[in-house]
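Structural features, examined
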Amino acid sequence: MSDIRLAQREDLAAVEALVTVAYTQYIPLIGQKPGPMGDDYSALIEKRCVYVLSSENKLAGMLVLLPEDDTMLLDNVAVHPDMQGRGYGRALIAFAVRRSIERGFKAIRLYTNEAMTGNVRLYERLGFVETHRAEEKGFRRVYMTKPLVSS
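Right, let's walk through the structure included here. Predicted model only: the values in this text are computed from it and were never measured. (Residues numbered from 1 in each chain as written. Predicted model: local features only at pLDDT ≥ 70, side-chain atom pairs only at ≥ 80, totals over all residues. Heavy atoms only, no water.)

1. Considering the overall build of the protein
Along the backbone of the protein there are five helices and seven strands. Mapped from its N terminus to its C terminus, the protein presents α and β elements in the order β-α-α-α-β-β-β-α-β-α-β-β. Expected size for 151 residues packed as a compact globule is a radius of gyration near 15 Å; at 15 Å, the protein falls within 12% of this value. For the protein, the spread of C-alpha atoms along the principal axes amounts to about 40 × 35 × 30 Å. Expressed as a percentage of the 151 residues in the protein, the buried residues total 42%. Long-range pairs, those at least 24 residues apart, make up 60% of the contacts in the protein with a sequence separation of at least 6. One way to put it: in the protein the 20 positive side-chain charges average out to a point 4 Å from where the 19 negative ones average out. (Helix = DSSP H or I, 4+ residues; strand = E, 2+ residues; numbered from the N terminus. Rg over C-alpha atoms; globule rule 2.2 N^0.38 Å. Buried < 20%, exposed > 50% of the residue type's maximum accessible area, 1.4 Å probe, protein only. Contact = heavy atoms within 4.5 Å. Lys, Arg positive; Asp, Glu negative; His and termini not counted. Charge placed at Lys NZ, Arg CZ, Asp CG, Glu CD.)

Next up, the structure:
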């Protein structure tokens, strides 16, 4: 079974290792390190923005949620390549949606590199709608939003 919880300081090395292994495969595709590989996970954990998913006593996935005015930014979601295909990515995104609704946000948004077409298709299947594309910080990004309805 899997468990999603707020990351703690002692999770830092595992989170950084997961980000490295999850995103290294995209370097040849986009021609540089993906944005999440340059983030300061120590600061993000300190700000209580990082959540981790454990399975079989290992870190299987993680996500970063950054609150904005009326929208939650799903800044990063990553699943260890060895643990993919088990529904962990969907579980993390569902958790992000629930957490955003609980906190009263009207929408959840994200962006991904346009070369990561599989991610775009997954997000579309999960109810995200492309809003625009733009180049930002040297990356060609696809921006997507999902409106939230509180129950």
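The rest of the description comes next.
2. Details of the side chain of Asn76
Structurally, Asn76 can be placed in strand 4 (residues 71-79). Given a relative accessible area of 2%, Asn76 falls into the buried group. One polar contact links Asn76 to Tyr41, side chain to side chain, over a distance of 3.0 Å. (Polar contact = N/O pair within 3.5 Å; in protein donor to acceptor, adjacent residues only side chain to side chain.)

3. Overview of the pattern of salt bridges
Per the stated rule, a full pass over the model turns up nine salt bridges. For the salt bridge of Arg9 with Glu46, the shortest nitrogen-to-oxygen distance reads 3.4 Å. Remark: Glu46 occurs in helix 3 (residues 41-46) and Arg9 occurs in the loop between strand 1 (2-6) and helix 1 (12-23); sequence separation between them is 37 residues. Of the charged contacts in the structure, one is a salt bridge between Glu114 and Arg140, with a shortest N-O distance of 3.5 Å. Remark: Arg140 occurs in strand 7 (residues 139-147) and Glu114 occurs in the loop between strand 5 (107-113) and helix 5 (117-125); sequence separation between them is 26 residues. Given the relative accessible area of 27%, Glu114 is considered partly exposed. Salt bridges linked by common partners bring Glu114, Glu130, Arg133 and Arg140 together as one network. (Salt bridge = Lys/Arg side-chain N within 4 Å of Asp/Glu carboxyl O.)

4. Brief notes about the nonpolar core
Within the largest apolar cluster, 28 residues are counted, with the highest numbers of intra-cluster contacts made by Leu63, Leu74, Ile93, Ile108 and Phe128. For this core, the elements supplying multiple residues, two or more each, are strand 2 (50-55), strand 3 (58-67), strand 4, helix 4 (88-102), strand 5, helix 5 and strand 7. With six residues, the single largest contributor to this core is helix 4. Apart from residues lying up to four places away in sequence, Ile93 is in contact with Leu74, Val77, Leu122, Tyr123, Leu126 and Phe128. If you look at the next biggest cluster of nonpolar residues, it comprises 20 residues, including Val19, Ala22, Tyr41 and Ala78. (Core = buried A, V, L, I, M, F, W, Y, C linked by side-chain atoms within 4.5 Å.)

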